Every structure is written in C-alpha cells, then in structure tokens.
Amino acid sequence: MKPQTAGAGLLAWLAAWVAGTACQVLAALPVPPQCSGAALALAVAAALASGLLRRLRHGRWLPAFEPLALALLVFSGAAAGWGSAGAHMAARMAQTLPAAAQTGDVRLTGIVAAMPQRGPTGLRFVLEAESAATWPGNTPLHVPRLLQLAWFVPPGSAAPALRAGERWQLTARLRPPYGEANPNGFDAELWLWQQGIRATGPVKDAASARRLAGTLAHPVEQLRQSLRDRLLARLAGQGGDAADSGRPAHAPEAAAEEEADEELADEGRAPERPSDRQFDRPSDSAPDRAFLAGIVAALAVGDQNAISQDGWDVFRATGVAHLMSISGLHITLFAWLAAAAVGGLWRASARLGWRACLVVSAPAAALTGGVALAAGYALLSGWGVPAQRTVLMLAAVALLRLTGLRWPWQATWLAACAAVLALQPWALLQPGFWLSFVAVGMLFASDGPAGGFASGADEAPGPWRRARRFLREQARITLALTPLGLVLFGQASAVALAANLLAIPWVTFIVTPLALGGMVCPPLWHAASWALGPLMAWLQWLAGWPWASLTLPAAPAWMGLAAVAGGLLLALRWPWSWRMAGLPLLLPLLLWQPPRPAPGHFDLLAADVGQGGGALIRTARHALLYDTGPRYSSASDAGRRILAPLLQSLGEQPNGILISHRDSDHAGGAKALLAAAPRAWLMASFDNAALTGARRALRCQAGQSWTWDGVQFAVLHPLPADYARARQQPDGAGGNALSCVLRVTARNGRAALLTGDIAAVQELDLAARARQGAAARLRADLLLMPHHGSRHSSTDAFLQAVRPAHAIAQAGWRNRFGHPAPQTLARYARHGIAATSTAYCGAALWQSWQPAQLQCERQREKWQWPWRTRPEKEDEALQTLKAGAGKTPDGRQTQ
C-alpha cells in the first residue's frame with residue numbers, strides 16, 4: 001500500500017494552533033471560561049464545515065470554495081489554540097491566594113508533591129494542599145492547590161525526613177508568588193505560574209509539624225527521590241534529601257527557589273554580621289566526589305539541583321549545559337536502545353512459542369516499546385519541555401510508520417510543538433522551548449528526518465561518513481543556537497564546538513548509559529563518576545581560556561529576531577551566496593551598546609534586591625556600584641544572582657564599587673561582584689577579607705571627591721572622629737553609624753543622595769554641618785532613604801535639609817522589620833516628597849536630565865499581565881482585614 005502524505009491543510013491547522021496559543025499567551029488577557037468554551041466549539045464547527053467543503057470539492061462549482069475551506073481550517077486551528085490556552089489561564093487564575101489566607105499563620109494538611117530539595121538554609125518543597133485553616137482559630141480557608149514552602153533547618157540540626165508522597169500537617173505563613181523586578185532579570189513570578197504554584201511561604205512552628213501517613217500519590221516523584229538518595233549516598237556519602245549545593249544560575253527554577261532563602265532571611269534567621277565561614281565558596285580544585293555525584297544524579301533522574309554553582313559556571317562557559325540534564329539527545333538514545341532490546345526479546349519470544357509475536361510484528365513491538373519506555377524515562381527526568389518535545393516527536397514518528405502515513409518534517413515538528421503547548425501553553429515563554437524546537441527544526445530543515453530512531457537501519461554509512469555528519473550537524477547547531485543563546489541569556493560560549501565534539505559522545509554513549517545502568521546495578525554509578533573525571537578536566541581547561549565565553553548587553557527585540565534569522569540562514573544547506581546574507585543580520589546584535597547619559601549627566605538605578613541595598617550610577621563613560629546587595633544564604637547572594645546579571649545585561653563593567661558599611665544586607669554580594677569586576681577599585685568603611693577577599697578597600701571619609709565626565713561625586717560621611725568612636729565600641733566595627741554617605745551632582749545641579757543605614761544621630765549631624773557650611777550641601781532631587789525607611793530614620797530636620805522630590809526605600813516585600821515604616825512614610829508625605837519602595841516599584845530608574853520622573857520596573861507592560869502579583873494591591877486588601885496601629889499589613893511590628 002502506498003503511504004499517504006499529509007497535505008497543506010494539516011500544516012495550516014497546526015501552524016494556526018500554535019499561532020492562536022501564542023496570541024493568547026502573549027496578550028495575556030483574562031478570559032472567562034465561557035469564552036474559551038465558545039472558542040473551542042467554534043473551532044470544531046469550522047473544522048467540520050471545512051471538511052464538508054473539501055469532500056464536495058469535486059463538483060462543478062464547489063472548487064471555487066477551496067480557499068474558503070482552507071480559511072475555515074486555519075480559523076479552526078487558531079480558535080482551538082486560543083481557547084485551549086484561555087482555559088488553562090482561567091484554571092490557573094482560579095487558584096489565586098485570597099487575602100484571608102495572608103492575615104496570619106495557616107494550618108495546612110497536604111501531600112509532598114515533589115522530591116524536596118536541600119539548600120543552605122533548609123528544605124524547599126512543593127505541597128499539594130488538601131485542607132487549610134487559620135491558626136489559631138481553625139477557620140477553614142481556601143488556598144491554591146500547589147504551594148512552594150521553605151522549611152528552615154538551624155545549622156547543625158538534622159533536616160526533617162520529608163519524602164514525596166507523604167501526607168503532612170504543618171503551619172505556614174503564605175503570600176502570593178513574588179519575585180524581584182529588575183531590567184532583563186529572571187522572572188520568578190512567571191516561572192512559578194508555569195509550575196502551577198500560586199502561593200509561597202516559610203514553615204512556621206516547625207516543632208508542631210507532623211507526618212500523618214505515607215500515600216501512593218506521586219509515585220514517579222517517590223521513585224526519583226529514592227534513586228537520587230541512593231545514588232548520592234553511594235557516591236558522595238550524602239544521605240537524606242539532596243546535596244547541599246548551589247542551584248544553576250541559568251536554570252529557570254534557580255532564582256525562583258532561592259526566593260525561599262530570602263523568605264527565611266526575612267524571618268530573621270540570617271545573621272546580622274558576616275563571618276569568614278559564612279562567605280566561604282567552593283574551591284576551584286579538581287572535582288570532588290560530591291561534585292561528580294551531583295552530575296550523575298542529574299543524568300540519572302534529572303535532579304539539576306545536585307550540581308554545584310561552580311559546575312554550572314563551567315558548563316555554561318563551555319556550552320555543554322544542555323548535556324548535564326536529561327535532554328532530548330539522551331531520551332532518543334534511550335528510545336533507540338529500548339527499541340532494540342524490545343525487538344530482540346520479541347523475536348526471542350517466538351522461539352519460545354509465545355503467540356503474541358504472531359499478532360504484532362517485532363518492528364511494531366520495538367517501536368511501541370521504545371516510545372513507551374522513553375516516555376517513562378522522560379517522566380523520571382521531571383518531564384521538562386525538551387523531554388516532552390522528544391517523546392512527542394518519537395511518538396509521532398512511530399505512529400506514522402505503524403500506520404503507513406508519511407508526513408513532511410514540518411508537520412511532525414509542528415505537531416510536537418502544538419502538543420507541548422496544549423499541555424503547557426506558557427512553555428512559549430521558556431528559553432528551553434525555543435532552544436529545543438529551533439535546534440530540531442534546523443536539523444530537519446538541513447538534513448530531513450532520515451536516520452536515527454525513525455529509520456532504523458535503512459542507511460548504514462561507514463564510520464568516517466558518520467563522523468563527518470556529526471561534525472556537520474554540530475557546526476550547524478552551533479551556528480543556529482549561538483545567536484539565540486545571546487538573545488535569551490546574553491551569553492554564548494566561544495569554545496562550545498570544541499567542547500561538544502568530545503562532550504556529546506562522551507556523555508551520551510558512556511556516562512549516561514552507566515548512570516542509567518546504575519539503577520539496576522548500583523556499582524555502575526561509580527563507573528559513571530570515574531568516566532566524568534577526564535571530561536571535567538577537559539571542560540575546566542577550556543573554561544579557563546580568557547575568551548571562553550562572549551557576553552553582550554540586552555538588545556532591542558528586533559535585533560534579536562534579526563540575529564536569530566541570520567544564524568538560521570548560515571546554518572541551512574543553501575548556496576553560500578544565500579547563506580552569507582545572514583552575516584549582516586548578526587551585526588546589529590553584536591555591535592549594540594545601550595545608550596548612556598550625555599556628558600555632565602548621570603542616571604541612578606536602585607536595583608530591586610529585596611531587603612538590602614544596591615544601586616548603579618552611570619555617567620557618560622563610567623559606572624559606580626553603591627552597595628552589593630544582601631546575602632540570602634551561605635550559597636546565595638544578590639551579587640551573583642541579581643546585580644552581576646544586571647550589569648551584564650546593561651553592558652557595564654563598574655569602574656568602582658563603594659560599600660556603605662559591613663552589614664550583610666549591603667555587603668553580602670561583595671565577593672561575587674568583585675570577582676566579576678576585577679579592575680574596579682573598592683571603597684568602604686571597613687576592611688574585612690571575609691567580605692572582599694584579597695581586595696583591599698580604600699577607606700571612605702568625608703571630604704573625598706572626584707569628577708567623572710562632568711559629574712561630581714562627594715563623600716559626606718563618616719568623619720575621622722566617627723572612626724575613632726567606632727574603635728571604642730566592643731566589636732570595633734561601628735556598623736550603621738559608619739555608613740558612607742555619597743552625593744552625586746550633575747552639571748545642571750541635579751543631585752542624588754545615597755545614605756546607607758545612617759541613623760537619626762548621623763542625619764542630624766549632617767544637617768547641622770550643612771547649615772554651618774562645614775559640609776557640602778545636602779540638597780538633592782533623589783534620596784535613597786536612610787536605613788530602608790526605618791521608624792527612627794528620616795528625621796524632619798534631615799528631610800528639610802535634603803528636600804528631595806523623590807525618595808526610594810530599598811526593602812523587601814513584607815519584610816520582618818516593617819520597612820518602610822508607616823510613620824516614616826507619613827513624614828515624607830508631610831514634606832511633600834513622593835516616597836516609594838522597591839517592593840512596590842521594582843527597580844527604580846532616575847535620570848538627572850529628567851529629575852521629575854521616576855521610572856518603576858513594575859510599571860512596564862510585562863508586569864501588567866493578569867497573573868502578576870501587585871504588592872500594593874495585596875497590601876490594600878489586607879488593610880481591610882487587619883487592625884492594630886503601628887503594624888505592617890502582615891501583622892508585624894515596625895522597627
């Protein structure tokens with residue numbers, strides 16, 4: 001029988017589905033369930049009408065309606081995609097956390113829905129809530145189904161024995177999903193939305209938490225956790241929940257899960273002063289057992305959490321990060337091996353007299369069994385987008401071969417894309433979706449779907465031909481994905497081709513089979529760990545090259561699209577005269593530089609770092625970083641997680657770093673930022689190697705000043721006498737009283753005042769000296785609130801001396817200190833000063849040539865999507881439910 005070929009109608013319908021889903025996701029309009037249902041009904045009706053017209057097209061006059069039939073089919077696909085995505089959105093919006101569940105502690109009963117992750121501060125886990133009630137009070141509450149919780153574990157204490165599938169009863173304090181809002185920064189709220197998590201919070205009163213029973217729920221997660229714990233215990237001597245390691249900075253869940261560390265810090269569990277031990281970082285020595293065990297765990301069960309931050313830095317610099325998790329390549333290899341094994345067993349069963357082989361042929365059994373086992377392996381890996389794409393494509397190819405159909409590669413590619421979006425429409429907003437489908441689509445377009453799992457042994461080229469084909473495909477993937485990586489991450493590896501030439505076959509054909517084999521024969525896990533040693537030595541050597549990776553600032557969208565098109569043109573098997581047309585398309589992205597202030601002007605970006613300080617001041621050719629953000633845990637700080645990526649996205653290399661004082665909420669990210677800016681000078685009111693490493697700091701002192709590009713910088717505090725008084729204190733540190741106060745003045749006289757954590761005493765001293773002419777004027781248009789807007793700061797005398805138009809408090813949302821305090825905000829209002837907080841505003845940008853404007857990151861269009869948490873609206877809703885003077889919306893006493 002001649003194979004049937006898919007026509008243009010199928011391609012049009014699939015493409016329209018994808019386009020309709022994209023319209024709904026990108027427009028992000030809240031759609032009532034009735035509208036989604038109506039759209040799906042219209043899609044069915046349009047498809048039936050199109051089919052009827054196409055069946056009658058052989059009549060004398062009906063061929064004229066062929067375009068109408070195709071248009072109806074396109075409308076059907078678009079309406080189906082739009083309605084499906086709208087239904088998903090309506091279901092998620094129904095899971096919003098109500099204000100009543102945010103007024104205090106909540107008693108929860110639920111099942112651990114995923115294997116818990118161990119971090120430096122404790123455990124992070126997802127709870128599938130079954131019931132909730134106020135505590136105390138026991139009034140029933142409605143809460144979202146999935147909650148991400150953080151369980152603090154004191155240093156030296158044993159972590160609770162949480163296991164996936166167990167039913168627990170515990171107390172937590174919940175809040176809507178919330179993440180810092182910075183230009184080009186990671187979107188934690190979007191990631192949590194994609195995972196279906198609609199509330200987060202810390203576990204309270206851990207002593208009262210109790211395990212109720214084990215259940216059969218989430219069997220795949222139970223198996224994953226059991227295998228992971230066995231693997232880590234065997235290879236690294238680690239029992240319990242997971243390796244205590246850093247998260248991959250590039251992984252979508254990295255920053256989202258580190259929000260739990262920040263929540264615990266807000267609970268007051270982070271130390272007030274840093275120590276040498278707390279700022280230790282893993283060394284750059286040869287990989288140890290725990291490091292290699294983490295990679296094996298990632299390859300065996302998809303647990304990327306087990307790989308240390310240093311490891312991800314190496315993988316990202318060499319362009320092999322896609323191999324250090326269960327990727328499409330690994331699943332395809334597994335499917336091929338599984339199909340071969342099933343086919344061999346099926347043929348052997350015929351010799352044993354099993355009659356099933358007479359009903360189903362061995363090739364059909366091999367295809368079906370290979371896909372089914374590959375789907376099981378993908379579930380074991382965590383069912384990420386690359387895994388979904390691979391399984392769906394394998395299933396489509398197997399189904400086509402079994403039914404005798406023949407689809408063009410475009411139909412197979414679009415079918416897998418539409419199926420992924422039907423399951424998870426917001427995959428469109430994940431970088432992994434684009435990297436995965438662009439790579440596969442490019443390979444299809446350049447070589448067609450021949451070979452591999454689908455074609456079996458139809459073609460058997462020699463080893464040299466296979467090697468040439470591998471080199472050619474790897475070069476094409478590198479050409480196609482490098483511009484896309486630059487657009488998505490602002491970084492690409494210059495040694496990716498050399499690294500992948502060894503890493504792909506090594507990981508795919510040696511390490512991964514050993515890691516999988518260890519599930520049946522645990523000693524093979526040791527072999528996998530040993531096999532990783534030489535590969536890691538090679539990758540670390542490549543990563544040490546001066547130009548191993550290329551970083552570019554974030555460019556406008558049209559430049560990114562042009563660069564991606566240029567990369568695809570260069571990669572396709574077209575005539576070179578056509579392919580070279582891709583080079584000019586790359587140039588705008590490669591040559592782009594963000595606009596800078598004109599000479600004599602400056603801008604100030606107060607970053608959203610949570611409860612801490614961090615501000616970037618830019619002139620025409622220079623940049624100064626004031627404070628380095630808070631430390632969230634011993635393995636996580638704002639320097640590495642927020643400020644360093646922010647600087648990279650803006651194309652900035654700071655000329656200087658000024659740390660106001662030694663508190664960990666201002667100096668917590670110093671080491672990471674000093675490592676990222678090796679040529680920057682350092683100024684601070686302390687000299688502590690635990691914070692700054694080998695870099696010695698120039699002591700900041702009133703009277704210091706310098707000029708950059710016509711912009712004047714002047715240090716107003718502390719005085720030498722302040723240092724003398726600090727030395728007389730028990731710890732000799734001085735703390736907040738020694739905060740470096742900096743005034744920045746543009747040529748037009750517009751100024752900004754950065755104050756650190758000075759208290760009322762220092763404010764009054766500065767105001768008195770300004771009145772007496774003993775110090776520079778305090779007058780400024782922009783003020784970074786002293787001490788985050790605490791209750792006893794921002795005195796009337798100080799505000800009268802500064803008289804700013806705008807004031808910003810760098811504070812975390814619902815922080816335990818109640819910053820900025822209502823009394824302080826009232827003082828700003830009395831003086832006619834527009835005051836805001838980065839918790840509400842996100843990163844705040846002020847420009848000396850537009851002094852009346854303050855631009856908030858959370859006011860940008862992407863932050864207006866309906867699933868976004870609006871902190872100010874959430875707090876307004878809570879105000880109607882809470883009482884008590886001098887308390888924050890979540891009931892904490894202000895300080």
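On a predicted model such as this, the values are computed, not experimentally measured, just so you know.

Asks: Is there a simple way to think about the overall build of the protein chain in this case?
Replies: Helix and strand content of the protein chain: 31 helices and 28 strands. By residue count, 55% of the 895 residues in the protein chain fall in the buried class. Here the analysis covers contacts within the protein chain between residues at least 6 apart in sequence; of these, 74% occur between residues at least 24 apart.

Asks: Is there a simple way to explain the state of the cysteines in this structure?
Replies: Put plainly, two cysteines are in a disulfide when a covalent bond ties their sulfur atoms together. Counted by the stated rule, this structure contains two disulfides. One disulfide in the model links cysteine 700 with cysteine 740; its S-S distance is 1.8 Å. For the disulfide bridge between cysteine 700 and cysteine 740, the dihedral angle about the S-S bond is near -70°, and by the sign convention the bridge is left-handed. Here cysteine 700 is found in the loop between strand S19 (698–699) and strand S20 (705–708), whereas its partner cysteine 740 is found in the loop between helix H26 (720–727) and strand S22 (741–745), with 40 residues between them in sequence. Across the disulfide, cysteine 841 is cross-linked to cysteine 856 (sulfur-sulfur distance 2.0 Å).

Asks: I tried to follow the pattern of salt bridges on my own but got confused; where do I start?
Replies: Where charged atoms from two side chains of opposite charge approach closely, those side chains can pair. Enumeration over the complete set of coordinates arrives at 24 salt bridges. In this structure, glutamate 130 engages arginine 167 in a salt bridge whose closest nitrogen and oxygen atoms are separated by 2.8 Å. You can see glutamate 130 sitting in strand S4 (residues 122–134) and its partner arginine 167 sitting in strand S6 (residues 166–172), a full 37 residues away along the chain. Judged by its relative accessible area of 43%, glutamate 130 is partly exposed.

Asks: What's the story with the packing of aromatic side chains in this structure? I'm lost.
Replies: The relative placement of two aromatic rings is captured by the distance of their centres and the angle of their planes. Overall, the coordinates contain 19 aromatic pairs when judged by the stated rule. Taking the centre distance of 5.3 Å and the plane angle of 5° together, the rings of tryptophan 706 and phenylalanine 713 count as stacked. There is no split in this pair, since tryptophan 706 and phenylalanine 713 are both buried. Taken together, the aromatic side chains of Trp413, Phe433, Trp434 and Phe437 make up a single cluster linked through ring pairs. A cation over an aromatic ring shows up here: arginine 579 above the ring of tryptophan 576, its NZ or CZ 4.0 Å from the ring centre. A cation sits over an aromatic face here: arginine 699 above tyrosine 723, 4.0 Å from the ring centre.

Asks: Sorry, what's going on with the sheet that holds strand S25 (residues 806–809) here?
Replies: Strand pairs in the sheet, formed through backbone hydrogen bonds, run parallel or antiparallel to each other. One open sheet holds the seven strands; their spatial order is S20-S21-S22-S23-S24-S25-S26, and the pairing between them is mixed. Single-partner strands in this sheet number two, and they are S20 and strand S26 (834–837). Averaged over neighbouring strand pairs, the angle between their axes works out to 15° when direction is ignored. The pairing of strand S21 (residues 711–717) with S22 spans five bridges and is classified as antiparallel. Note that in S22 the partner of valine 715 across the bridge is leucine 742.

Asks: For this particular structure, what's the right way to read unusual backbone geometry?
Replies: If a residue is not glycine, its phi is most likely negative; likewise, a peptide bond is most likely trans. The linkage connecting histidine 717 with the following residue, proline 718, adopts the cis geometry, with an omega of 10°. Tracing the sequence through the fold places proline 718 in the loop between S21 and H26. Across the junction of histidine 819 and proline 820, the peptide omega takes the value -10°, indicating a cis bond. Counting through the fold element by element, proline 820 comes out in the loop between S25 and helix H29 (822–830). A positive phi angle, close to 50°, is found at arginine 803, a residue other than glycine. Tracing the sequence through the fold places arginine 803 in the loop between helix H28 (796–802) and S25. The phi torsion at arginine 814 lies on the positive side, around 55°, for a residue other than glycine. Inspection of the secondary structure assignment puts arginine 814 in the loop between S25 and H29. Using a relative accessible area of 12% as the deciding quantity, one classes arginine 814 as buried.

Asks: What's the story with the side chain of glutamine 847 in this structure? I'm lost.
Replies: Looking at the secondary structure, you find glutamine 847 in strand S27 (residues 844–847). Classification of glutamine 847 by relative accessible area gives buried; the value is 12%. A polar contact of 3.4 Å, which involves the side chain of glutamine 847, links it to the side chain of glutamine 855. If sequence neighbours within four positions are ignored, glutamine 847 has contacts with Phe602, Asp603 and Gln855.

Definitions and cut-offs
- Residues numbered from 1 in each chain as written.
- Predicted model: local features only at pLDDT ≥ 70, side-chain atom pairs only at ≥ 80, totals over all residues.
- Heavy atoms only, no water.
- Helix = DSSP H or I, 4+ residues; strand = E, 2+ residues; numbered from the N terminus.
- Buried < 20%, exposed > 50% of the residue type's maximum accessible area, 1.4 Å probe, protein only.
- Contact = heavy atoms within 4.5 Å.
- Disulfide = S-S within 2.5 Å.
- Salt bridge = Lys/Arg side-chain N within 4 Å of Asp/Glu carboxyl O.
- Phe/Tyr/Trp six-rings, centres within 6.5 Å; stacked < 30°, edge-to-face > 60°.
- Lys NZ or Arg CZ within 6 Å of the ring centre and 35° of its normal.
- Pairing = 2+ DSSP bridges.
- Axes fitted to C-alpha atoms, helices over the stretch in contact; angles between N-to-C directions.
- Polar contact = N/O pair within 3.5 Å; in protein donor to acceptor, adjacent residues only side chain to side chain.

Remember, this is a structural readout, not a statement about activity or role.
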